[in-house]
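Reading the structure
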Amino acid sequence: MKIGIVLYPTYGGSGIVATELGKSLAEKGHEVHFIAYKFPVRLNVSSNNIFYHEIRVNTYPLFQYPPYESSLTSKLVDIIRFEKLDLLHVHYAIPHASAAYTAQQILKEEGIHIPFITTLHGTDITLVGKDPFFKPVITYSINKSDAVTAVSESLKQDTLTNFGIKNDIQVIPNFIAPEEHDFLIKKESYAPDGELLISHVSNFRKVKRIEDVVKIFALIKEKINARLILIGDGPERAKIELLCRELGTCSSTSFLGNINNAREIVSISDLFLLPSETESFGLAALEAMSVGVPVISSNTGGLPEVNIDGYSGYLCDVGDTESMAQRAIELLSDADKLTQFKKQAKQQSRLFDQNEIVDQYVNLYESVINKKHVLQD
Ligand code: GMT
């Protein structure tokens, strides 16, 4: 198949999933065309069946806001015509689904039918989507998609509750590839005095509640010799640095920024914290679990579908930093239990095996393309 994948090319989960999906499809022999405004951060392979098309948004004195959606639509029309794509798969509803629909309608006039699949990732529905201003466009473009998927059952239910959806929504969870190589990193480089390591990875947005990570760590630190590793960057960073100073945890905290080997660094940690306000899935938690790191997370959104309470980690109410710290101390101070949880976390992550889940997408692509042929015949 010739597949066009539209994505946000950043460190956000939706871009990571879209990129890993495209890489895996290319490995299976499909021709994959990534379409984004910047080279995707995780697109670290080259292959003769992977192509990258950049959306250029031209500015003009009249435009106070560069017209991203129109530029994307025009790009899609051009690529579909020229590359003869079989299918478009857009990640994130806003504005990718409506751009795909407009491109589809433009091409219909020329006798070209291009089906498109929309994958909902979370913030497109739970945060941005709830803005009543966007609602009609999102609802319409979801309903016009040839197929719709959501990354968790919880996100599917949120979408059905908040939008007037007539289309079916299929749940295809996010996935993880098993780590093929042993990491070279040494724990001592981040824990020179034998400290236990606690990690967190995110885009430092408000929804991640990183202040809770720092508060939980401060409580753990009262009982346990530990260090905190914060990976990522974003709008909350300055506030978090101030909080570390206030709580006196700066000297035990490393801010690593947007590094490319996050999974490697996380692999040397003993515990991963994800106390988010909401999380449609929590890919960062799955990545941690895949390298044998138990997770203490909030029990919101799709997180209970990924992290199993008392098995791969613990789940607590949003904002309940006391309970999260108590669970962390319990686990970190019992070596046998910690070893057991590390094993179980890895075991749990295997339910989200890349190969198996990518095949679910392939089956969906085939059924959508076959439907197109039936309609045309
Ligand atoms: O929250 C993020 O880290 C970014 C955001 C995105 O849109 O890229 O992530 C969302 O999609 C990820 C991939 O499906 C999910 O794992 C995240 O849980 C989800 N974020 C939220 O729901 C807040």
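Before reading on, note that the structure itself is shown above.
To keep things clear, this report deals only with the structure shown in the data block. (Residues numbered from 1 in each chain as written. Predicted model: local features only at pLDDT ≥ 70, side-chain atom pairs only at ≥ 80, totals over all residues. Heavy atoms only, no water.)

Some points on the overall build of the protein chain
So the rule is basically this: A run of H or I in DSSP becomes a helix once it reaches four residues, and a run of E becomes a strand once it reaches two; helices and strands are each numbered from the N terminus. Radius of gyration here is computed from C-alpha atoms only, and the compact-globule reference equals 2.2 Å multiplied by the residue count raised to the power 0.38. For every residue, the accessible area obtained with a 1.4 Å probe (protein chains only) is divided by the maximum for its type, and the residue is called buried under 20%, exposed over 50%, and partly exposed between those limits. In what follows, residue pairs with any heavy atoms lying within 4.5 Å of each other are defined as contacts. Charged residues are defined here as Lys and Arg on the positive side and Asp and Glu on the negative side; His and the ends of the chain fall outside this count. The atom standing in for a charge is NZ when the residue is Lys, CZ when it is Arg, CG when it is Asp and CD when it is Glu.
Scanning the protein chain for helices and strands turns up 14 helices and 13 strands. Taken over the C-alpha trace, the protein chain has a radius of gyration of 22 Å; the compact-globule value for 377 residues is 21 Å, and the two agree within 12%. The dimensions of the protein chain, computed from C-alpha atoms along their principal axes, are 70 × 45 × 40 Å. Taking all 377 residues of the protein chain together, 53% fall into the buried category. For the protein chain, the proportion of contacts with a sequence separation of at least 24, taken over those separated by at least 6, is 69%. Positive and negative side-chain charges of the protein chain, numbering 37 and 47 respectively, have mean locations separated by a distance of 2 Å.

Overview of the packing of aromatic side chains
For any two aromatic rings, the description comes down to two numbers: the centre-to-centre distance and the angle of the planes. Quick reminder of the rule: For Phe, Tyr and Trp, rings pair up if their centres lie within 6.5 Å, where Trp contributes its six-membered ring, and each pair is then called stacked (planes under 30 degrees apart), edge-to-face (over 60) or tilted (otherwise). For a ring to carry a charge above it, either NZ of a lysine or CZ of an arginine must fall within 6 Å of the ring centroid while also lying within 35 degrees of the normal to the ring plane.
Counting across every chain of the model gives eleven aromatic pairs. Note on Y8 and Y92: the rings are 5.3 Å apart at their centroids and 85° apart in plane angle, and the pair reads as edge-to-face. With Y8 in the loop between strand 1 (2-6) and helix 1 (13-27) and Y92 in the loop between strand 4 (87-91) and helix 3 (96-108), the pair connects residues that are 84 residues apart, well separated along the chain. In this pair, the class of Y8 matches that of Y92, namely buried. By the ring-pair criterion, three or more aromatic residues cluster together here, those being Y8, Y37, Y68 and Y92. Of note, K135 hangs over the ring of F163, and the distance from its end group to the ring centre comes to 5.9 Å. Here the basic side chain of R327 rests over the ring of Y314, its NZ or CZ set 4.2 Å away from the ring centre.

What about the nonpolar core?
Across soluble globular proteins, you tend to see nonpolar side chains buried next to one another. As a reminder of what qualifies: Residue types Ala, Val, Leu, Ile, Met, Phe, Trp, Tyr and Cys, when buried and joined through side-chain atoms within 4.5 Å, form a set referred to as a nonpolar core. Each domain's extent was defined by an automatic or database domain assignment.
Membership of the largest hydrophobic core comes to 66 residues, with the highest contact counts inside it found for I5, L25, F272 and Y365. Top element by residues in this core is helix 14 (residues 354-376). It accounts for eight residues. Of the residues that make up this core, three or more belong to each of domain 1 (2-175 + 354-376) and domain 2 (187-352). Those residues in contact with F272, other than ones at most four positions away along the chain, are S199, H200, V201, V266, A284, A285, A288, V293, P294, V295 and I296. In this structure, V213, V214, L230 and L331 belong to the second largest nonpolar core, which totals 29 residues.

A look at the pattern of salt bridges
The criterion, for reference: By salt bridge we mean one thing: a side-chain nitrogen of Lys or Arg within 4 Å of a carboxyl oxygen of Asp or Glu.
Taken as a whole, this structure holds 18 salt bridges when the rule is applied. The partner of R42 in a salt bridge is E287, and the shortest N-O contact between them spans 3.3 Å. In this pair, R42 is assigned in the loop between strand 2 (31-36) and strand 3 (50-54) and E287 in helix 10 (residues 283-290), connecting sequence segments 245 residues apart. What makes R42 partly exposed here is its relative accessible area of 23%. E287 gets classed as buried once you look at its relative accessible area, which sits at 15%. Each of the salt bridges in this network shares a partner with another, and the network as a whole consists of E20, K23, R42 and E287.

Considering the site of the ligand
Quick note on the threshold: Here, proximity means that at least one heavy atom of the residue falls within 4 Å of the molecule or strand. Pairs of N or O atoms are called polar contacts if they sit within 3.5 Å, as long as, within protein, a hydrogen donor faces a hydrogen acceptor (for residues adjacent in sequence, only side-chain-to-side-chain pairs). Here, Shrake-Rupley sampling with a 1.4 Å probe gives the accessible areas, and only protein chains in the shown set may cover a residue. Classification used: nonpolar for Ala, Val, Leu, Ile, Met, Phe, Trp, Tyr, Cys and Pro, charged for Asp, Glu, Lys and Arg, polar for all others including Gly.
Taken together, the neighbourhood of the ligand is formed by 17 residues, with S14, H121, K208, E279 and S280 sitting nearest. Take G282: an N or O atom from its main chain is 2.9 Å from an oxygen atom of the ligand. Protein contacts shield 93% of the accessible area of the ligand, which totals 490 Å² for the unbound molecule. Residue composition of the shell around the ligand, grouped by class: four nonpolar, eleven polar and two charged. Inspection of the shell around the ligand shows a minimum of three residues originating in each of domain 1 (2-175 + 354-376) and domain 2 (187-352).

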